Amino acid sequence: MEVTMKSIAVDMDQVLADFLGKASKAFKERYNISIPREEFNVMKLEAQYPELAKEFFLMINEPDFFRDFELEDPYAVPVLKELNEHYEIYIATAAMDVPGSFTAKYEWLMEHFPFLDPQYFIYCGDKKVVKADYLIDDNIKQLRSFTGEGILYSQPYNLHCDEFKRVHNWQEIRNLFIGSDQDSLLVKSK
């Protein structure tokens, strides 16, 4: 009898990649408006600067905008590498919201996570189409529509939510799925 592995879908922006850091920096460079990363919120941005909303959308759809993001947490790489040994790992990104990002997201993922199978990269809109046992995401709306178990990746804009199990970083994700042997994580991250 074949035993199937459990599966974990992982969101990209604000879970693996620091979209807000890049967006905040680019907004300051292009429009000379400083919004700290911690306060940068696309919905609020559209309300506060409606005249720039269309330009901002065009900017994030530029072919290379998503290419040079920083990692949200440097432990994401060794933890996902370890999880990949015990679970089927999918990357589920709502790329349909930013169709110009497909190639850059793919290249970024291959650069930082070359051990993941690109056949398991899912470019979608609503994540209810993702069939996995778990979804790690910062977006409450996506977690609500997901049919498996949602795990909320903590960000300042989702602190009010208490409907999902919450993780604050990739070490907590490792503890949740593998256990808390910190020594093995530190060795793998070198």
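Up top is the structure these notes are about.
Now for a description of the structure that goes with this document. Everything numeric in this text was worked out from a predicted model, so none of it was measured.

Moving on: the packing of helix H1 (residues 19-31) against helix H3 (residues 50-60). Running from amino to carboxyl end, H1 crosses H3 at an angle of 120 degrees, the nearest separation of the two axes being 11 Å. One element, H1, and the other, H3, form an angle in the oblique class. Judged by the twist between their axes, the crossing of H1 over H3 is right-handed. In this structure, H1 contributes Phe19, Ala23, Ala26, Phe27, Arg30 and Tyr31 to the contact, and H3 contributes Leu52, Glu55, Phe56, Met59 and Ile60. The residue inventory of the contact of H1 with H3, partitioned by class, reads 9 nonpolar, no polar and 2 charged.

All right, on to the sheet that holds strand S6 (residues 165-167) then. Pairing is parallel across the open sheet formed by 6 strands, whose spatial order is S3-S2-S1-S4-S5-S6. In this open sheet, the two strands that pair with only one neighbour each are strand S3 (121-123) and S6. Neighbour-to-neighbour, the strand axes of the sheet open up by a mean angle of 25 degrees, direction not taken into account. Inspection of the sheet shows strand S2 (residues 88-93) paired to S3 by 3 bridges, in the parallel sense. Its bridge partner lying in S3, Ile91 is registered against Phe121. Sheet strands touched by helix H7 (residues 170-177): strand S1 (7-10), strand S4 (134-137), strand S5 (149-153) and S6. Its angle to S6, the strand with the most contacts, is close to 130 degrees.

Phi at Gln14 takes a positive value of approximately 70 degrees, unusual for a residue other than glycine. Residue position: Gln14 is located in the loop between S1 and H1. Phi angles above zero are rare outside glycine, and Asn32 is one such case at about 55 degrees. Turning to its location among the elements, Asn32 is positioned in the loop between H1 and helix H2 (42-48). With relative accessibility at 64%, the residue Asn32 sits in the exposed group.

This next bit is on the environment of Ala132. Of note, Ala132 is situated in the loop between S3 and S4. When its relative accessible area of 11% is taken as the criterion, Ala132 is described as buried. The sequence separation of Ala132 and Lys6 amounts to 126 residues, and the corresponding C-alpha distance is 7.7 Å. Beyond its immediate stretch of four places on either side in the chain, Ala132 contacts Ser7, Ala9, Phe146 and Gly148.

One broad trend across soluble globular proteins is that nonpolar side chains are buried collectively. By size, the foremost hydrophobic cluster in this structure holds 45 residues, and its most contacted members are Leu16, Leu80, Leu83 and Trp170. Counting residues per element, this core draws most heavily on H1, at 6 residues. Residues within four places of Trp170 in sequence aside, it is in contact with Val10, Val15, Leu16, Asp73, Tyr75, Ala76, Val79, Leu80, Leu83 and Tyr153. Counting residues in each nonpolar core, the second largest holds 13 residues, with Ala9, Ala132, Phe146 and Leu152 among its members.

Rules behind the numbers
- Residues numbered from 1 in each chain as written.
- Predicted model: local features only at pLDDT ≥ 70, side-chain atom pairs only at ≥ 80, totals over all residues.
- Heavy atoms only, no water.
- Axes fitted to C-alpha atoms, helices over the stretch in contact; angles between N-to-C directions.
- Helix = DSSP H or I, 4+ residues; strand = E, 2+ residues; numbered from the N terminus.
- Parallel < 35°, antiparallel > 145°, perpendicular 65-115°, else oblique.
- Left-handed = near helix turned anticlockwise from the far one by under 90°.
- Contact = heavy atoms within 4.5 Å.
- Nonpolar A, V, L, I, M, F, W, Y, C, P; charged D, E, K, R; others polar.
- Pairing = 2+ DSSP bridges.
- Buried < 20%, exposed > 50% of the residue type's maximum accessible area, 1.4 Å probe, protein only.
- Core = buried A, V, L, I, M, F, W, Y, C linked by side-chain atoms within 4.5 Å.

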